[in-house]
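Summary of the model geometry
For reference, the chains in residue letters:
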Amino acid sequence: MIYLRLFYEFFKTGLFAVGGGMATIPFLYNMADATGWFTRMDVDNMIAVGESTPGPIGVNMATYVGYLTGMREGGLPFALLGAVVATLGLITPSIIVILIIASFLKSFRNNRYVESTFYGLRPASTGLIAAAGLSVAMSNLFYVEGEVITKWSDIFDPALVNWKAWALAIVLWVLTNKVKQTKKLHPIIFILAAAVVGVLWGM
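Now for a quick tour of the structure.

The rules we used
- Think of each chain on its own: its residues are numbered from 1, step by step along the sequence as written.
- At least 70 in pLDDT is required for a residue's local features to be given in this predicted model, at least 80 for side-chain atom pairs to be given and counted, and no such filter applies to totals for whole chains, interfaces and linings, which use all residues.
- With hydrogens and water set aside, each side-chain value is computed from the structure's full complement of heavy atoms.
- Think of it this way: any DSSP run of H or I at least four residues long counts as a helix, any run of E at least two long counts as a strand, and we number them from the N terminus.
- Where accessible areas are quoted, they stem from the Shrake-Rupley method and a 1.4 Å probe; at the residue level, only the protein chains shown are allowed to cover.
- Asp and Glu are treated as the negative residues and Lys and Arg as the positive ones, with His and the ends of the chain left uncounted.
- The atom standing in for a charge is NZ when the residue is Lys, CZ when it is Arg, CG when it is Asp and CD when it is Glu.
- Only the stretch in contact is used when fitting a helix axis, every axis being a line fitted to C-alpha atoms; angles between N-to-C directions are given from 0 to 180 degrees.
- Note that the term roughly parallel is reserved for angles under 35 degrees, roughly antiparallel for angles over 145, roughly perpendicular for angles of 65 to 115, and oblique for everything else.
- In this scheme the crossing of two helices becomes right-handed for a clockwise turn of the near helix relative to the far one and left-handed for an anticlockwise turn of less than a right angle.
- Only heavy atoms matter for contacts: two residues are in contact if any of them lie within 4.5 Å across the pair.
- Here the nonpolar group is Ala, Val, Leu, Ile, Met, Phe, Trp, Tyr, Cys and Pro; Asp, Glu, Lys and Arg are the charged ones; every other residue, Gly included, is treated as polar.
- Two distance rules govern patches: like charges are joined within 9 Å, and nonpolar side chains (Val, Leu, Ile, Met, Phe, Trp, Tyr) within 5 Å, applied only to residues with over 30% relative accessible area and no salt bridge.
- For this document, the term salt bridge refers to a Lys or Arg side-chain nitrogen within 4 Å of an Asp or Glu carboxyl oxygen.
- Think of it in three bands: with a 1.4 Å probe and only protein chains considered, a residue is buried below 20% of the maximum accessible area for its type, exposed above 50%, and partly exposed in between.
- Note: the arc covers the axis-to-C-beta directions of the helix.
- Here, nonpolar core refers to any group of buried Ala, Val, Leu, Ile, Met, Phe, Trp, Tyr and Cys residues whose side-chain atoms link them within 4.5 Å.

This part takes up the overall build of the protein chain. Regarding its fold elements, the protein chain presents nine helices and two strands. In the form shown here, the protein chain has an accessible surface area of approximately 12,700 Å², with 70% of it arising from carbon and sulfur atoms. Computed over 14 positive and 11 negative side-chain charges, the inter-centroid distance for the protein chain is 16 Å.

Right under this line is the structure:
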C-alpha cells in the first residue's frame, strides 16, 4: 500500500505542479505534513542536493523521497522500488498530457480556449514558484536549532534568525553580483564552495 500511496501522491504533484520542478516544492511541504514520510527540513536538504546534481529538481526529489520511504520499509530493494514508483508517479501526468496534446496538436495550435488556458496558467505557476522560494528562504534564514519559521511575524525575533545562513547568503550575493573577479565564475563553483562552508561551519 505504501507504494500505491507514493505513486498517488507524486501523481497529484506532477499533475498540478505547473511551471517546472520548483513548482513541486509547495506540494512537497504539504506532503511532508500529510504523510510524515519526511520533514520540511528534509525538503530543504532535498532542494540543496537536487539543485546541485544533474537532472530536473522535481524528478530528483521524487526519486529521493521514494528511496527514503522504501529504505524505511525494509532496506535497499524496497528503497529502489520506492524511488522508481515515486519517479513514475511524478512523470506520468506529463507523459499523458503530452501524448494527448500531440494527438490533437493541429486543432490545439490555434484554439483560443487553449491559448486562454495557458495565459491563465502562467501567473499560477509564477505564484507556485514564488511561494516555493519564500518557503525555502524562511526555513533556511530564520531558524535556530532546527526550529522552522512558519509565521512572517517571527522574522522580527532575533533569536530565530540563522545568522550563519544570512552571512553565507550575503557573501555569495556579493561574490556573484559585485566582485568583478568572481561574478563571471561558473555557478558550480559557488555551489561546491557553499557546500564546503556548510559542512565546515556546521550549518
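Before going further, it helps to examine the packing of helix H1 (residues 2-16) against helix H2 (residues 25-35). With their axes 11 Å apart at the nearest point, H1 and H2 run at an angle of 155 degrees to one another. For the element pair H1 / H2, the angle class is roughly antiparallel. Considering the relative orientation of H1 and H2, their crossing is right-handed. The segment H1 lies against H2, with Arg5, Glu9, Phe10, Thr13 and Phe16 engaging Phe27, Leu28, Met31, Ala34 and Thr35. A class-by-class count of the residues in the contact of H1 with H2 yields six nonpolar, two polar and two charged.

To continue, consider a positive patch on the surface. On the surface, a cluster of positive charge is made up of Lys178, Lys180, Lys183 and Lys184. Considering the arrangement of structural elements, one finds lysine 180 in the loop between helix H8 (163-177) and helix H9 (187-201). Taking the relative accessible area as the measure of exposure, lysine 180 reaches 65% and is therefore exposed.

The subject of this paragraph is H2. Those residues of H2 lying buried are Ile25, Leu28, Tyr29, Met31, Ala32 and Thr35. Mapping the buried residues of H2 onto a view down its axis gives an arc of 160 degrees, with all of them on the same face. Residues of H2 that are exposed and point more than 90 degrees away from the buried face comprise Asn30, Asp33 and Ala34. On its buried face, H2 sits against H1, helix H3 (40-52), helix H4 (57-74) and helix H7 (112-141). One or two positions beyond H2, positive phi appears at glycine 36, with a value near 75 degrees.

With that out of the way, let us pick up the nonpolar core. Leu6, Phe10, Ile25, Phe38, Val43 and Ile47 are the most contacted members of the largest nonpolar core, which totals 23 residues. Listing elements by their share of this core, those giving two or more residues are H1, H2, H3, H4, helix H5 (76-103) and H7. Apart from the residues within four sequence positions on either side, phenylalanine 38 is in contact with Leu28, Met31, Ala32, Val43, Met46, Val65, Leu68 and Arg72.

On to the pattern of salt bridges. A side chain with one charge can pair with a side chain of the opposite charge if their charged atoms come near. Scanning all chains against the criterion turns up three salt bridges. Across the pair glutamate 9 and arginine 5 runs a salt bridge, and its minimum N-O distance is 2.9 Å. Here glutamate 9 pairs with arginine 5, and both are found in helix H1, just four residues apart, close to one helical turn. We classify glutamate 9 as buried; its relative accessible area is 8%. Arginine 5 gets classed as partly exposed once you look at its relative accessible area, which sits at 34%.

Attention now moves to a nonpolar patch on the surface. A contiguous nonpolar patch, built from Trp163, Trp166, Ile170, Trp173 and Val174 and spanning about 530 Å² of accessible area, is present on the exposed surface. If you trace the backbone, tryptophan 166 turns up in helix H8. By relative accessible area, tryptophan 166 is classed as partly exposed at 31%.

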